[in-house]
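# Structural overview
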Amino acid sequence: MDKENMISLVIPVYNEEASLPHLMERLRPVMKDMGKEYEIIFIDDGSSDKSLSILKGFAAHPHVKVLELTKNYGQHAAIFSGFSVAKGGIIVTMDADLQNPPEEIPKLVKVMEEGNYDVVGTIRKERKDSVFRTFPSRIVNAIARRITGVRMTDWGCMLRAYRRSIVQHMIKSHEQSTFIPALATYFAKHVTEVEVSHEERYAGSSHYSMRKLINLQFDLVSSFSDFPLKLIMYAGIGMAFLGISLGFVLGIARLVYGAAWAAEGVFTLFAILFAFIGFQFFALGVTGEYIGRIYKEVRRRPEYVIDRIYSSDVEENIR
Ligand code: UDP
Ligand code: MG
């Protein structure tokens, strides 16, 4: 059933009705010209626009398979559902909004095959996103590099190629809050990066709001280290040290300048107190994030539920 020489393309789709026809138009010649067996797996991640019906139309194409999820599970879960049915020896993920040019796919495959890599990551040459989207990414890229210890330049670009074995490991990990590029690098032995171009979104705007983005970034950081927890511990030690020193200074100042001076110092103390309270809340928040994720993990809910599979392959339809 698995096909070593086949290429599986996995594309999550959430309300992308405008770009889908163009995506397909550009994908078809690219995949054909590679001269390899291939399949394109689209995952409808609970779209509320016409995406699903457009995708169903694509399913008549012998190389296309469409998964319909029961609701919106998010980009990474959607990709996982695609992984679960992918048959190829090389599995390529990409976005549906045409920000990742399909013409770059052969380059990824070639690099992977020639260098015998497990993962081929990508660096977006000139990223075409707003500052609100690129600035948080930049911070996260820096943090991710530090904590995962893998020197990937750009974690965010989803146009990536994975070996089948890596994808199998990822499926087996059953993680709820996860970040695919980081998880893959964790399992991989030979990793490389290539530069790819990046385009403007074909239509609409990013589906990542600030809230979703922060959540995703926390997925990336928390699933690979307890670095934030440690950071808080160190900050706590530092704060305590500062507080004690300050207490000494204030005590001496009171002895030197008398009680009148100390009474005025009350406000300073309040200010310090507030700073501490603020810090404690922050610490609680971060711990809470971890606990929330632990809770999610222990519930072991399925990361996604596939409602239906559309494909011209009759056998598949019966499933
Ligand atoms: N996507 C998805 N489910 C979601 C959000 C996004 O399947 O809940 C898909 C979306 O259709 C696109 C890809 O994930 O193919 C990347 O999303 P988007 O372009 O909004 O993110 P950005 O490019 O800003 O990272
Ligand atoms: Mg995009």
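Here the structure is shown first, and the text comes after it.
Residues numbered from 1 in each chain as written. Chains lettered and ligands numbered in written order. Predicted model: local features only at pLDDT ≥ 70, side-chain atom pairs only at ≥ 80, totals over all residues. Heavy atoms only, no water.

## Here we look at unusual backbone geometry
Phi is positive for Asn15, close to 50°, though the residue is something other than glycine. The residue Asn15 is located in the loop between strand 1 (3–13) and helix 1 (20–33) in this model. For Asn116, which is not glycine, the phi torsion reads 50° and is therefore positive. Structurally, the position occupied by Asn116 is in the loop between helix 4 (105–115) and strand 5 (119–124). (Helix = DSSP H or I, 4+ residues; strand = E, 2+ residues; numbered from the N terminus.)

## Considering the sheet that holds strand 4 (residues 88–93)
Taken together, the eight strands give an open sheet; going across it, the order is 7-5-6-4-1-2-3-8, and neighbouring strands pair in mixed fashion. Only two strands of the sheet have a single neighbouring strand rather than two, namely strand 7 (191–196) and strand 8 (306–311). The average angle at which neighbouring strand axes cross in this sheet is 20°, direction not considered. The sheet contact formed by strand 1 and strand 2 (residues 38–44) spans seven bridges and is parallel. Considered in strand 2, the bridge of Leu9 is made with Ile40. (Pairing = 2+ DSSP bridges. Axes fitted to C-alpha atoms, helices over the stretch in contact; angles between N-to-C directions.)

## A closer look at the site of ligand 1
With respect to spatial proximity, 18 residues lie near ligand 1, and among them Glu16, Asp45, Asp97, Ser206 and His207 are the closest. In the model, an oxygen atom of ligand 1 is placed 2.5 Å from a nitrogen or oxygen of the Asp97 side chain. The side chain of Arg201 places a nitrogen or oxygen atom 2.9 Å from an oxygen atom of ligand 1. Within the complex, the protein chains bury 97% of what would otherwise be the 530 Å² of accessible surface of ligand 1. A per-class count over the shell around ligand 1 returns five nonpolar, six polar and seven charged. (Near = heavy atom within 4 Å. Polar contact = N/O pair within 3.5 Å; in protein donor to acceptor, adjacent residues only side chain to side chain. Areas by Shrake-Rupley, 256 points an atom, 1.4 Å probe, with all protein chains shown as cover. Nonpolar A, V, L, I, M, F, W, Y, C, P; charged D, E, K, R; others polar.)

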